[in-house]
Amino acid sequence: MKKIYTVLLVFALVSCLSIVSADSIPQFPHTFYGDVTINELPATGTLKVLVNGVESEQVQVTDGEFGKGLFDAKLVVNGASGDQITFSFESEGYTLDSDYKIYLIDSEQYVSEIDFVSGGYTEILLEFTGTGDGGDTGDTGDTGDTGDTGDTGDTGDTGDTGDTGDTGDTGDTGDTGDTGDTGDTGDTGNGEELPLNPGVFYGLVYLDESLASSTLNLYVDGVLQDSIGIENGVFGGEGALDDKLIATGYDGNSNVVTFSLVSGGETYSSFTAELSDATYEDELPYIEGVHYVVLTFSETADTGNGEELPLNPDVFYGLVYLDESLASSTLNLYVDGVLQDSIGIENGVFGGEGALDDKLIATGYDGNSNVVTFSLVSGGETYSSFTAELSDATYEDELPYIEGVHYVVLTFSEIADTGDTGDSGDTGNINSSEQLPLNPDIFYGMVYLDEALASSTLNLYVDGALQNSIGIENGVFGGEGPLDNKLIATGYDGNSNVVTFSLVSGGETYSSFTAELSDATYEDELPYIEGVHYVVLTFSETADTGDTGDTSDSGSSSGGGGGGSSRSSSSSSSSIISSSDSSETPVTTSVPKTSSSGTSTDSSSNTVESSENVGPDTTQDSPDDTLDYGSDSNETGVVLQQESPLGGINMYLALAAILLILIALAAAWYQSKEKPEVVPQQ
């Protein structure tokens, strides 16, 4: 009997263990992160993954990256061993080719598809190609009011009636009155020149029959755009991370592209360009996208075309003193009184000698005097009288222009008269007519259009001049992190520096707004305040978006900024629904403007609700305690999907525990059973 019980126990154990077979072990998801490019430039759009050709999951790509940050949404794919993974990409403004490349970063190889790996964590680079649709360049500035129609000319006098007897001759028709002067055409909207997608170049450079070296300059409409070094005739490269020459044209301009070659102390500007199947002489049309070009400059060509050709840059790094103390704050660099560059100073040090260290860079032009001066902005004061120690020479208040990289020690005088206009020959004192830049005014935050979270584009102006633009997603623009994008404006000393915004959404431009900044509320304009600020902007959809055309008031409208204060209470909110799969637990995020609340779980509906404060507490003076807006609502759904296989593991662990308990109980019962008493035979 004991053997029978033993056999039964072993059989039960084997049968139960067979339940947890290899086939029922859960498959972990395969996670992807990395970079996406279009025409070798960082892309923005929606990346989708296909499992055996069927669309599965998707993730947003911003500035060419997805999932690389610790809390960034990654592309998490569920599948089984043997599944083939491919990708597709959608980007506004581009028609993409069907062919693309998958580059595996770790193994450093290109593949056409990826095999699903349970628990895999793979960094990839996806290289797409396509043609730009031109993209929305943003709405053109509002057309100004049409000028008043001229006064109608006076009607000519009716001719005299003839005598009653004989029918008199019909009087001469009066002269037609002079047509009134046509009214002045109203000012064009804000007169902004909207930038085009960049024109990007790499390739080969020849000087007559020889491969060229030194420096290649790129111009658009005669304005220097970029410079690049040439080695053995080659400049730039086709790789996504290789340097290239980049030019930016503007809508409405002629956008003529030209080049100049600086080699052997000479500058050459007459060239032939071979681009695709066409050949151009001395200039190219502006073509958006990345291009391989072969340039051939003529050594005998007359380089003196009347343009001011740039010199090689004058570059500085070093130390700054204010009297006997190491200085801090900001150092400005000028050439012939024109601001060239600015750099921060920490403990007296600015820039560095390393190839990747920041430096102060100035560009002089052939034929100009090219006098180099500096100014120090520290403690709210500007100092322009200095002594410069450069190599073995000492200079007072100005330096000659010397091409190359230089270590310089600058000593500014604290007792110098910083407001002196100075004699015309004294370039050390900055003339009061020059406008020194202020520290930047920087914004991130939320945007509403009436009661709804806005999307599309937010523009920032100072004194009516466009400073910066940024995209809006679900009402959020920028972020508080040091690497997050923000809206940046630069004002100038002596200007009014009025800050305004405009919202471009749904083909309309709105400029009447209410701004909630710290503890204050502003209507249609803000004062210029240096530093980083969290702001909540509410634009009015019913406001008159047809600006009068005065460029000095691009952010104002007679419609007012009503609507912002009506939602300042904590009861107003907007909901964003995010779910990566219909089988996943839905996640609802409630986004109020100024309130904060906790987290609640409704067990009856398996719905998780979280209410996050997307703005800082309005009682705080700074945005230091605000939440991170860099991650979108899709991240939560992805995290839930990553955790779902753990539930299966817990189930199997529980099953195994129950099985062990049953075996233990059976063994205990078997051991505790009393053996029959043996009665001795009489």
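Residues numbered from 1 in each chain as written. Predicted model: local features only at pLDDT ≥ 70, side-chain atom pairs only at ≥ 80, totals over all residues. Heavy atoms only, no water.

**Structural notes on the overall build of the chain**
Check the secondary structure of the chain and you find 2 helices and 48 strands. Residues classed as buried in the chain amount to 37% of the 682 residues present. Total accessible area on the chain is roughly 37300 Å²; 48% of this is exposed by carbon and sulfur atoms. (Helix = DSSP H or I, 4+ residues; strand = E, 2+ residues; numbered from the N terminus. Buried < 20%, exposed > 50% of the residue type's maximum accessible area, 1.4 Å probe, protein only. Areas by Shrake-Rupley, 256 points an atom, 1.4 Å probe, with all protein chains shown as cover.)

**Focus on the sheet that holds strand β10 (residues 114-115)**
Here 4 strands make up an open sheet; going across it, the order is β4-β3-β7-β10 and the pairing antiparallel. The two strands at the open ends of the sheet, each matched to only one other strand, are β4 (54-61) and β10. Of the strand pairs in this sheet, strand β3 (residues 45-51) and β4 are connected by 6 bridges, and their pairing is antiparallel. Note on β4: the bridge partner recorded for T46 is Q60. (Pairing = 2+ DSSP bridges.)

**Points about unusual backbone geometry**
For residues that are not glycine, phi is negative in most cases, and the peptide bond is trans in most cases. Located in the positive-phi region is E108, a residue other than glycine, with phi close to 55 degrees. Along the chain, E108 falls in the loop between β8 (94-104) and β9 (109-111).

**Considerations on the pairing of strand β40 (residues 499-505)**
β40 sits mainly inside the fold: 7 of its 7 residues count as buried. Relative to strand β41 (residues 508-510), β40 runs antiparallel, the two being bridged by 3 bridges. Across the sheet, the residue bridging to S505 is E508, located in β41. Turn length for the β40-β41 hairpin, with the two strands adjacent in sequence and antiparallel, is 2 residues, and the turn residue G506 shows positive phi of about 60 degrees.

**Let's talk about a negative patch on the surface**
On the surface, a cluster of negative charge is made up of D323, E324, E381 and E414. Relative to the elements of secondary structure, E414 occurs in the loop between β33 (404-412) and β34 (441-449). (Patch = residues over 30% accessible without salt bridge, like charges linked within 9 Å, V, L, I, M, F, W, Y side chains within 5 Å. Salt bridge = Lys/Arg side-chain N within 4 Å of Asp/Glu carboxyl O. Lys, Arg positive; Asp, Glu negative; His and termini not counted. Charge placed at Lys NZ, Arg CZ, Asp CG, Glu CD.)

**Observations concerning the pattern of salt bridges**
Scanning the model with the defined rule gives 5 salt bridges in all. Residue D35 pairs with K68 through a salt bridge whose shortest N-O separation is 3.2 Å. Here D35 is found in strand β1 (residues 30-38), whereas its partner K68 is found in the loop between β5 (65-66) and β6 (75-77), with 33 residues between them in sequence. You can call K68 partly exposed: its relative accessible area is 37%. Notably, a salt bridge pairs K68 with E65, separated by 4.0 Å at the nearest N-O pair. Among the ionic contacts, a cluster of salt bridges with common partners joins D35, E65 and K68.

**Some remarks on the nonpolar core**
Core analysis: the largest hydrophobic core is formed by 25 residues, its most contacted members being F201, L216, F235, F259 and F297. Elements with a contribution of two residues or more to this core: β12 (199-207), β14 (214-220), β15 (223-230), β17 (245-247), β18 (257-263), β20 (271-275) and β22 (289-297). L216 has contacts with V205, D226, S227, I228, I230, F235, L245, F259, S260, L295 and F297, leaving out every residue within four places of it along the chain. (Core = buried A, V, L, I, M, F, W, Y, C linked by side-chain atoms within 4.5 Å. Contact = heavy atoms within 4.5 Å.)

**Let's talk about the sheet that holds strand β30 (residues 381-383)**
The antiparallel open sheet is built from 4 strands, whose spatial order is β26-β25-β29-β30. Pairing within the sheet leaves two strands with one partner each, and these edge strands are β26 (338-345) and β30. On average, each strand axis in the sheet is tilted by 25 degrees relative to the strand beside it, whichever way the strands run. Bridge count for strand β25 (residues 329-335) against strand β29 (residues 372-378) is 6 bridges, and the pairing is antiparallel. Bridge assignment links T330 to a residue of β29, and that residue is V377. (Axes fitted to C-alpha atoms, helices over the stretch in contact; angles between N-to-C directions.)

**Some details on the environment of G352**
Structurally, G352 is set in the loop between β27 (349-350) and β28 (360-362). Separated by 35 residues in sequence, G352 and Y317 place their C-alpha atoms 5.7 Å apart. In this structure, G352 is in contact with Y317, D357, D358 and K359, ignoring residues within four places of it in sequence.

**Side note on the environment of Y461**
Of note, Y461 is situated in strand β36 (residues 456-462). Counting along the chain gives 36 residues from Y461 to N497, while the straight-line C-alpha distance between them is 9.2 Å.

**Topic: the side chain of D83**
The topology assignment puts D83 in the loop between β6 and β7 (84-90). Those residues in contact with D83, other than ones at most four positions away along the chain, are V51, N52, I114, D115 and F116.

**Notes on the environment of V498**
Along the chain, V498 turns up in the loop between β39 (487-489) and β40. Judged by its relative accessible area of 26%, V498 falls in the partly exposed class. In sequence terms V498 and A465 are 33 residues apart; their C-alpha atoms lie 9.9 Å from each other. Those residues within four positions of V498 in sequence are excluded, and the remaining contacts are Y461, V462, D463, E525 and L526.

**Considerations on the confidence of the model for the chain**
In regions of low pLDDT, the predicted coordinates are not meant to be interpreted in detail. Mean pLDDT over the chain stands at 74; residues scoring 70 or higher make up 65%. Below pLDDT 50 for its whole length, residues 301-306 participates in 6 contacts with residues either more than four positions away or in separate chains. Residue range residues 545-648 is modelled with pLDDT below 50. Its contacts to residues more than four positions away, or to other chains, number 202 contacts. (pLDDT = per-residue confidence, 0-100.)

**Examining the pairing of β14**
Among the 7 residues in β14, 5 count as buried, and that is most of the element. With 7 bridges joining them, β14 and β15 adopt antiparallel strand pairing. Each bridged residue has a counterpart across the sheet, and for T215 the counterpart in β15 is G229. Between β14 and β15, which pair antiparallel in sequence order, lie 2 residues; one of them, D221, sits at a positive phi of approximately 55 degrees. In terms of strand pairing, β14 meets β18 through 6 bridges, oriented antiparallel. Within β18, the residue paired with T215 across the bridge is V262.

**Quick word on a nonpolar patch on the surface**
Together, I658, I661, L662 and L665 make up a nonpolar patch on the protein surface, roughly 410 Å² of accessible area in all. For L665, the location among the structural elements is in helix α2 (residues 634-672). Judged by its relative accessible area of 54%, L665 falls in the exposed class.

**With respect to the packing of aromatic side chains**
Applying the stated rule across the entire model yields 17 aromatic pairs. Residues Y33 and Y121 carry aromatic rings whose centres are separated by 5.1 Å and whose planes lie at 40 degrees to one another, so their mutual orientation is tilted. Taken together, the positions of Y33 in strand β1 and Y121 in strand β11 (residues 121-132) put the pair 88 residues apart, joining distant regions of the chain. With relative accessibility at 16%, the residue Y33 sits in the buried group. Overall, the relative accessible area of 49% leaves Y121 in the partly exposed class. (Phe/Tyr/Trp six-rings, centres within 6.5 Å; stacked < 30°, edge-to-face > 60°.)

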